[in-house]
Amino acid sequence: MTVPTKTTPARSVRSRSVRSTTAPTETALGLSESRSAGGRILKAVVHLLVLIVFAGPLLALLVSAFGHVKDPTQLSVVPSGITLDNFGIAFDQGVLTYLLNSFFVVGFGLLLQVAVSVLAGYALARKVFRGMTLVLVAILATLMLPEEILALPLSLILSDLPVLHFNLIGTLAGMIVPLGAWGFSILVMTEFMRDVPRELEEAARIDGAGDLRIFFQIILPMCKPALGVIGVFGFTMIWDQYLLPLLVSVDASSYTLPLALRTLRIDPDVTPGVVMAAALLALLPSVIVFLLFQRSFVSGLSSGALKG
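Residues numbered from 1 in each chain as written. Predicted model: local features only at pLDDT ≥ 70, side-chain atom pairs only at ≥ 80, totals over all residues. Heavy atoms only, no water.

The name that an unreviewed UniProt entry assigns to the chain is Sugar ABC transporter permease, with the source organism given as Streptomyces finlayi. In its Subcellular location (unreviewed entry) section, the UniProt entry covering the chain states "Cell membrane". Under the heading Sequence similarities (unreviewed entry), UniProt records this for the chain: "Belongs to the binding-protein-dependent transport system permease family." (UniProt positions renumbered as here; feature names shortened; annotations may be inferred.)

Structural data, given as structure tokens:
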């Protein structure tokens, strides 16, 4: 005995397929996105305009750095000739020294900042002490104050370091020490360490582990995504510092690259192409660091979004 099967007319199948391809879909904001030809053309035009707005200046920077540009009004996104003369002139102007100063400040400043952030985050997340709320409020308040307000007291402290009475003005150490504690990195590490299960810590204590062993073998390995986040953000923040080197530097020998760009820009003997070459050198490290730590960075942001 055979069971009759119900067949769907070809016309109804065709009509449903056509309806499904032209039916609007909802976007993340709850708006309807049309799949018609006109909607696709409009979407392509909008994407092209956004690409021009955001990628246009970067392309002009790249083209001008390798081109013969004598007038800033002649910047173009179409290359007319490729040359490395701009980089040679930039190195003659001391850009290589400024670049090495920037790497020195970023390297030691980031190491100090990460060390302070993970230790402070562990104390705030896993320990309970009197005044902890006030400490968190004070750390959060540092993120709300603009750098211009902190410039005068910071310069006074660096000229006469408390207790030690060292004068850090005119030294690269004066640019590194203030970067050691950054409220953003401390808060990120605090929130990640709070989400580590306390059962793991209690089991380690039963096995006889101390605070240092728990910190280095249990807490810190589980916060690798957070380390990627504060590493990328910290590198970018330190690399782009302008006010702090301006307060500390007393001569060109201690300039960092962002501060040297201003000197090159106001020099009448330096062409715009040389300034663009130096700006490209200042841009590349941030891009390279982001590409190297992109997986950890995205993982850290995703973990924070899921926990929130």
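That covers the picture; the talk isn't over yet.
The UniProt entry lists residues 44–66, 103–125, 132–156, 168–193, 214–236 and 273–293 under the feature "transmembrane region" (unreviewed entry), expressed in the numbering used here. A distance of 31 Å separates the end C-alpha atoms of residues 44–66, which is 96% helix and 0% strand. Helix makes up 83% of residues 214–236 and strand 0%. Its end C-alpha atoms lie 30 Å apart. (Helix = DSSP H or I, 4+ residues; strand = E, 2+ residues; numbered from the N terminus.)

The subject of this paragraph is helix α6 (residues 147–159). For α6, spanning 13 residues, the distance from its first C-alpha to its last is 18 Å, which sits close to the expected 18 Å at 1.5 Å a residue. When the local axis directions of α6 are compared, the greatest deviation, roughly 30°, occurs at P153. Looking at the buried side of α6, the elements it contacts are α7 (173–176) and α12 (243–248). (Expected span 1.5 Å × (residues − 1). Bend = angle between axes of the 7 residues up to and from the residue. Contact = heavy atoms within 4.5 Å.)

Our focus in this paragraph is the nonpolar core. Ranked by size, the top nonpolar core spans 37 residues in total, and within it V95, V105, I238, W239 and L257 carry the most contacts. Of all elements in the fold, only α3 (85–92), α4 (95–126), α7, α11 (224–239), α12, α13 (257–266) and α14 (272–292) reach the threshold of two or more residues within this core. The greatest single-element share of this core, amounting to eight residues, is contributed by α14. With sequence-adjacent residues up to four places away left out, I238 is seen in contact with V105, V106, G109, L110, Q113 and L179. If you look at the next biggest cluster of nonpolar residues, it comprises 18 residues, including V188, M189, A226 and I230. (Core = buried A, V, L, I, M, F, W, Y, C linked by side-chain atoms within 4.5 Å. Buried < 20%, exposed > 50% of the residue type's maximum accessible area, 1.4 Å probe, protein only.)

A ring pair, where both rings are aromatic, is described by two values, the distance of the centres and the angle of the planes. Applying the stated criterion across every chain yields a total of nine aromatic pairs. The interplanar angle of 40° and the centroid separation of 6.1 Å between the aromatic rings of Y98 and Y255 together place this pair among those described as tilted. Of this pair, Y98 sits in helix α4 while Y255 sits in the loop between α12 and α13, and the two are 157 residues apart along the sequence. We note that Y98, like Y255, is buried. Pairing F184 with F233 gives two aromatic rings, centres 5.1 Å apart and planes at 65°, and the pair type is edge-to-face. Pair noted here: F184 is in helix α8 (residues 183–194) and F233 is in helix α11, with a separation of 49 residues, a long-range link. The class for F184 is partly exposed, based on a relative accessible area of 27%. (Phe/Tyr/Trp six-rings, centres within 6.5 Å; stacked < 30°, edge-to-face > 60°.)

The subject of this paragraph is the pattern of salt bridges. In the structure shown here, the tally under the stated rule is five salt bridges. For the salt bridge of D211 with R205, the shortest nitrogen-to-oxygen distance reads 2.6 Å. The class for R205 is partly exposed, based on a relative accessible area of 36%. What emerges from the salt-bridge pattern is a single network uniting R126, K127, E201, R205 and D211. (Salt bridge = Lys/Arg side-chain N within 4 Å of Asp/Glu carboxyl O.)

The subject of this paragraph is the environment of L280. Relative to the helices and strands, L280 resides in helix α14. For the pair L280 and A65, spaced 215 residues apart in sequence, the C-alpha to C-alpha distance is 7.1 Å. Contact partners of L280, with chain neighbours within four places excluded, come to L61, L62, A65, F66 and F87.

In this section: the side chain of S117. Tracing the sequence through the fold places S117 in helix α4. Residue classification places S117 among the buried positions, given a relative accessible area of 0%. Other than its neighbours up to four places away in sequence, S117 contacts S185, I186, M189 and I230.

In the contact formed by helix α5 (residues 132–144) and α8, the axes pass within 8 Å of each other and the chain directions differ by 135°. The orientation of α5 relative to α8 falls into the category oblique. Pair α5 / α8 crosses with left-handed handedness. When α5 is examined against α8, the residues L136, I139, L140, T142 and L143 are found in contact with a partner set consisting of G183, F184, I186, L187 and R194. (Axes fitted to C-alpha atoms, helices over the stretch in contact; angles between N-to-C directions. Parallel < 35°, antiparallel > 145°, perpendicular 65-115°, else oblique. Left-handed = near helix turned anticlockwise from the far one by under 90°.)

Within the fold, S254 resides in the loop between α12 and α13. On the accessibility criterion, S254 (4% relative accessible area) is buried. Residues contacting S254, with those up to four places away along its chain left out, are N101, G170, L172, M175 and S249.

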